[in-house]
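Tertiary structure, described
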Amino acid sequence: MKVPRKEQKFLPPDLQVLPAPEQTEEEKWLESLETVLEFALKDQGPQKTARFLDGLTERLRARGVDVPRVVSTPYINTIPAEEQAPFPGDREMERRLKSYIRWNAMAMVVNANREHSGLGGHISTYASSATLCEVGFNHFFRGRTADFIGDMVYFQGHAAPGIYARAFLEGRLEERHLHNFRQELAEGGGLSSYPHPYLMPDFWQFPTVSMGLGPLLSIYQARFNRYLRARGFINGDEPKVWAFIGDGESDEPETLGSLTLASRENLDNLIWVVNCNLQRLDGPVRGNGKIIQELEAAFQGAGWNVIKVIWGSDWDKLLAADKSGLLLKRMEEAVDGDYQKYSVEPGSYTRRHFFGKYPELLELVNHLTDEQIHKLLRGGHDSLKVYAAYKAAMEHKGQPTVILAKTVKGYGLGEAGEGRNITHQQKKLNEKELREFRARFGIPVSDEEIAQTPFFRPLPESRETKYMLDLRRKLGGFLPQRIVASRPLDVPKLETFGDLLKGTSRTEMSTTMGFVRLLGSLIRNKAIGRQIVPIIPDEARTFGLDALFREIGIYSSKGQLYEPVDSRSLLYYNETKDGQILEEGITEAGSMASFVAAGTAYATHGLPMVPFYIYYSMFGFQRIGDLMWLAGDIRAKGFLLGATSGRTTLNGEGLQHQDGHSLILSSAIPTLLTYDPAFTYELAVIITEGLRRMYVEGEDVFYYLTLYNENYEMPPMPEGVAEGILKGLYRFKAGPEKKALKAHILGSGPIIREAIRAQEILAERFDVSADVWSATSYKLLRNDALLTKRWNMLHPAEPPKTSYVETVLAKEEGVFVAVSDNLKIVPDQIAPWVPGGLMTLGTDGFGRSDTRARLRRFFEVDAESTVVATLHALAEKGQLDKRVVGKAIKDLGLDPEKTYPQLV
Ligand SMILES: Cc1ncc(C[n+]2csc(CCOP(=O)(O)OP(=O)(O)O)c2C)c(N)n1
Ligand SMILES: [Mg+2]
């Protein structure tokens with residue numbers, strides 16, 4: 001350790017090497033290196049010097065010298081001015097067009113909120129990203145043509161006004177649309193607040209506004225594009241996937257969580273643009289630091305190509321003129337909070353506080369007025385810099401690229417919000433602010449009109465419009481645009497799954513095993529087998545899907561570079577370049593992103609792919625519910641399979657694993673059909689119908705099925721139950737005739753077997769005939785009942801209709817009891833339509849690890865508890881003496897004083 005002499009006195013005596021008057025060898029070396037450095041700085045400037053040093057470090061490393069890795073580079077543009085690709089466009093024309101778009105984007109929000117305060121919307125985000133978007137639109141984003149699928153662009157969700165404003169200039173939207181921004185229920189419809197394919201299915205492709213989901217999806221989309229290519233589904237020009245992301249958004253774990261997948265997979269078809277306006281909603285993203293440097297380190301470490309676009313062209317001259325290196329030093333010293341301040345204060349402030357720190361720097365800007373200093377552009381507002389960065393990103397090979405572009409939030413809003421902490425939520429501009437905006441961007445709106453904030457669009461025959469449309473034409477057409485043109489699939493008929501329909505007679509099987517067989521059969525199906533995309537987050541062995549490893553292979557862009565340890569076994573871990581399985585590792589979010597990419601391939605690629613995503617049901621809606629909600633919005637198709645479901649059926653894993661509520665969470669997604677099947681034939685019926693509805697009829701729905709791991713004998717499919725299975729309820733096993741009392745027990749999943757056992761006890765010991773029903777979907781029963789009820793209310797003069805559940809149960813006598821391995825609220829969804837009400841048993845409360853039998857007694861969903869509940873329901877109706885219930889509790893061994901797991 002070399003310690004400067006003046007600090008040595010703080011060292012313990014044995015480490016002090018006093019005196020050392022002579023120059024050491026090391027000091028001599030340093031001195032000569034400094035001479036070289038000084039020469040380089042003077043002659044070549046700081047940027048080049050920094051690169052020389054980088055080069056030198058690389059050479060040292062190549063010779064085996066252990067130079068510590070640097071994860072961030074100097075706070076300047078990655079592409080030096082002299083290496084910048086020339087800008088091919090008409091700058092003045094593009095500036096004008098961009099100004100009109102800025103104006104209209106602002107006007108949309110201001111108008112909406114003037115008429116209806118509280119509608120909201122964002123001005124300042126697009127104001128900061130206009131150049132980033134426009135350079136892309138004019139020069140890079142390729143539209144869909146007959147032989148090119150088009151680039152896939154994820155726009156920052158709350159920059160939507162800018163995207164609408166551009167579509168308006170292009171003639172794709174009219175004034176009335178812009179007037180109805182955020183007023184979708186207005187006459188003639190309106191524009192959705194954010195990108196929502198569900199609401200604007202011909203326009204938006206990718207929902208993004210839930211922070212972090214867009215970035216995550218874009219990585220998996222780029223990877224899925226490669227998967228389709230590797231499997232021979234697509235060829236020709238490769239689309240680029242672009243994602244525009246906020247710097248604040250980078251705080252979301254979903255944003256940065258999958259970066260290494262993109263580099264590992266060499267996704268050079270992926271370009272991220274992080275709009276580093278240094279602010280999020282409340283204030284600065286990293287006031288005390290530098291978000292660009294922090295992100296550079298993260299991306300660099302994750303193996304991405306990083307291009308920083310920090311300074312606009314005006315700074316090139318200053319950097320070149322600064323031979324002292326002090327400008328770079330000052331740039332590095334100032335924290336983001338300072339830079340935010342410079343964007344708010346006048347140029348005189350920046351002169352004094354930024355340049356003024358070192359007298360040499362003051363000289364550097366002597367020739368500039370305060371106004372000119374204030375207007376020194378940040379890189380993300382300079383089309384030349386942005387163009388050069390995009391071009392370099394397009395050409396970069398072997399890695400994904402991130403462009404970190406420094407901008408000003410609310411750029412152009414002046415006192416109405418530019419760089420201010422309140423800018424994110426600024427929705428109103430007063431007349432003075434509007435006039436300033438107009439002047440700054442040269443908007444041809446008259447004094448009389450300005451207070452009305454009219455939209456402005458150059459005439460179709462104007463040079464501006466022609467210029468803009470011409471560029472789009474050359475790039476293949478408009479964007480964003482969602483086009484669905486995929487062929488229907490030749491889906492299998494139910495008989496194909498004969499094995500699952502005829503039952504297992506004496507051998508035992510779980511619904512999970514049944515599903516694995518069904519999936520195997522689908523994969524082997526000649527017509528659609530190749531279209532099936534099995535997705536698993538590291539649980540294939542848990543669910544018994546490992547047999548597929550060898551059969552269809554695990555997708556890996558690298559193939560298998562090693563000999564797997566189990567290569568001699570039949571089911572070895574088989575990674576191949578054209579593998580069909582997406583084995584995602586331990587990432588439910590990543591797996592769901594793959595589901596979305598595969599489930600939307602019918603639109604993004606015109607290819608009907610069928611994802612089956614199978615996972616631990618507890619780590620689905622509970623963990624990544626927002627992504628599943630998005631799957632509905634983006635109109636993804638496919639099957640979600642929540643395996644190891646049931647709070648008592650998955651028994652040993654305990655509290656964190658045992659799911660009894662995914663059916664409730666999933667019920668909230670409007671286009672998701674949820675099912676809780678008990679038997680393998682039910683699975684076959686539901687999946688066959690799902691394939692038909694989604695891939696033949698083209699319905700934009702998707703499916704959630706719970707799967708359980710309890711083995712039991714699977715009965716053969718009874719006659720005539722298909723409709724009931726699909727609608728949510730059918731009689732599975734009628735009770736014996738000639739009993740004194742009548743009851744009905746609705747069971748689902750494996751708990752139906754407790755219902756069957758209860759049926760036997762009730763008949764044998766209590767003279768009650770109970771029918772057992774299989775309730776496959778309470779959600780669908782309820783929705784149908786709700787719709788019927790509403791129709792009846794609104795059509796008082798017409799004969800009332802009856803819902804399916806009412807029709808089926810109307811003729812039945814006796815009491816109704818429901819039991820399942822889920823929260824009581826799951827069956828309770830249909831209670832209002834059950835004649836005489838519903839007595840429900842369920843698994844409310846935190847799970848425990850124990851045997852199934854003990855757990856079922858604990859949660860009171862076993863046969864004995866079901867018997868008592870049925871007798872209680874009969875007693876409540878006055879059909880049975882309550883003392884019989886008391887005796888049953890005792891005889892069946894139930895403890896009336898035990899606490900119930902649900903505590904509050
Ligand atoms: C998951 C999620 N959390 C919170 C929000 C609310 N929200 C919308 S924009 C925003 C700030 C975004 O800041 P940044 O990502 O830096 O984007 P900028 O507007 O600065 O470009 C927040 C918190 C959201 N849309 N999604
Ligand atoms: Mg921001």
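In short, a report on the structure. Given the structure is predicted, the values throughout are model-derived calculations rather than measurements.

Points about the packing of aromatic side chains
- Overall, the coordinates contain 50 aromatic pairs when judged by the stated rule.
- Ring plane angle 45 degrees and centroid distance 5.9 Å describe the contact between Phe515 and Phe612, whose orientation is recorded as tilted. Placement of the pair is Phe515 in helix H20 (residues 511–524) and Phe612 in strand S11 (residues 610–616), with a sequence separation of 97 residues.
- Take Phe612: its relative accessible area is 1%, and that puts it in the buried class.
- Here the aromatic cluster, defined as three or more aromatic residues joined through ring pairs, consists of Phe87, Phe137, Phe140, Phe141, Phe155, Trp242, Phe244, Tyr387 and Tyr390.
- Sitting over the face of the ring of Tyr194, Arg182 holds its NZ or CZ atom 5.1 Å from the ring centroid.
- Over the ring of Tyr411 we find Arg440; its NZ or CZ atom is 5.0 Å from the centre of that ring.

Some words on helix H16 (residues 383–395)
- Helix length check: H16 (13 residues) gives 18 Å between terminal C-alpha atoms against 18 Å at 1.5 Å per residue, within 8%.
- Among all positions of H16, only Ser383, Leu384, Lys385, Val386, Tyr387, Ala388, Ala389, Tyr390 and Ala393 are buried.
- The opening residue of H16 is Asp382, an N-cap whose side-chain oxygen sits 2.9 Å from the backbone nitrogen of Leu384.

With respect to the coordination of the magnesium ion (ligand 2)
- Protein-derived coordination of the magnesium ion (ligand 2) comes from Asp247 (OD), Asn277 (OD1) and Gln279 (O), at a distance range of 2.0 to 2.1 Å.
- Sequence positions of the donors to the magnesium ion (ligand 2) reduce to the motif D-x29-N-x1-Q.

Let's talk about a nonpolar patch on the surface
- Judged by side-chain polarity, Leu37, Phe52, Leu53, Leu56, Leu60 and Val65 come together as a nonpolar surface patch covering roughly 480 Å² of accessible area.
- Structurally, Leu56 is set in helix H1 (residues 25–62).
- Classification of Leu56 as partly exposed rests on a relative accessible area of 44%.

Comments concerning the environment of Phe702
- Turning to its location among the elements, Phe702 is positioned in strand S14 (residues 702–706).
- A relative accessible area of 0% places Phe702 in the buried class.
- In this structure the C-alpha to C-alpha distance between Phe702 and Leu640, which are 62 residues apart in sequence, comes to 7.9 Å.

Section: the sheet that holds strand S5 (residues 401–406)
- Pairing within the open sheet is parallel, and its five strands lie in the order S1-S2-S3-S5-S4. Strands with a single pairing partner mark the edges of an open sheet, and in this sheet they are strand S1 (152–154) and strand S4 (305–309). Here the average twist between neighbouring strands, direction ignored, is 15 degrees.
- In this structure, S4 lies alongside S5, joined through five bridges in parallel fashion. When the bridges of S5 are listed, Lys308 appears paired with Leu404.
- Each of strand S2 (241–246), strand S3 (270–276), S4 and S5 touches H16; the most contacted strand, S4, lies at about 175 degrees to it.

Comments concerning the pairing of strand S19 (residues 815–819)
- Counting buried residues in S19 gives five out of five residues, a clear majority hidden from the surface.
- Neither face of S19 is open: one carries Val815, Val817 and Val819, the other Phe816 and Ala818, and all of them are buried.
- Inspection of the sheet shows strand S17 (residues 741–747) paired to S19 by five bridges, in the parallel sense. Bridge pairing in S19 links His744 to Phe816.
- Bridge analysis of S19 against strand S20 (residues 838–841) gives four bridges, and the strand direction is parallel. The residue bridging Val817 from the neighbouring strand is Met839, located in S20.

Topic: the site of ligand 1
- Around ligand 1 lies a shell of 18 residues, among which Thr125, Gln156, His158, Gly248 and Lys409 are the nearest.
- For ligand 1, a nitrogen atom lies 2.9 Å from a polar atom in the backbone of Val209.
- With respect to ligand 1, the backbone of Gln279 contributes an N or O atom lying 2.8 Å from an oxygen atom.
- Burial of ligand 1 by the protein chains amounts to 76% of its free accessible area of 590 Å².
- Residues that form the shell around ligand 1 fall into these classes: three nonpolar, 10 polar and five charged.

Let's talk about the pattern of salt bridges
- Across all of its chains, the model carries 53 salt bridges by this definition.
- As a salt-bridge pair, Arg757 and Glu864 come within 3.1 Å of each other at their nearest N and O atoms. Note that Arg757 is positioned in helix H29 (residues 752–766) and Glu864 in helix H34 (residues 863–876), a separation of 107 residues in sequence.
- Judged by relative accessible area, Glu864 falls into the buried class, the value being 14%.
- One connected set of salt bridges, linked through shared partners, spans Glu710, Arg753, Glu754, Arg757, Arg856, Arg857, Asp862 and Glu864.

Definitions and cut-offs
- Residues numbered from 1 in each chain as written.
- Chains lettered and ligands numbered in written order.
- Predicted model: local features only at pLDDT ≥ 70, side-chain atom pairs only at ≥ 80, totals over all residues.
- Heavy atoms only, no water.
- Phe/Tyr/Trp six-rings, centres within 6.5 Å; stacked < 30°, edge-to-face > 60°.
- Helix = DSSP H or I, 4+ residues; strand = E, 2+ residues; numbered from the N terminus.
- Buried < 20%, exposed > 50% of the residue type's maximum accessible area, 1.4 Å probe, protein only.
- Lys NZ or Arg CZ within 6 Å of the ring centre and 35° of its normal.
- Expected span 1.5 Å × (residues − 1).
- Polar contact = N/O pair within 3.5 Å; in protein donor to acceptor, adjacent residues only side chain to side chain.
- Donors = N, O, S within 2.8 Å, 3.2 Å for Na, K, Ca; no water.
- Patch = residues over 30% accessible without salt bridge, like charges linked within 9 Å, V, L, I, M, F, W, Y side chains within 5 Å.
- Areas by Shrake-Rupley, 256 points an atom, 1.4 Å probe, with all protein chains shown as cover.
- Salt bridge = Lys/Arg side-chain N within 4 Å of Asp/Glu carboxyl O.
- Pairing = 2+ DSSP bridges.
- Axes fitted to C-alpha atoms, helices over the stretch in contact; angles between N-to-C directions.
- Contact = heavy atoms within 4.5 Å.
- Near = heavy atom within 4 Å.
- Nonpolar A, V, L, I, M, F, W, Y, C, P; charged D, E, K, R; others polar.

Read these as geometric descriptors, not functional statements.
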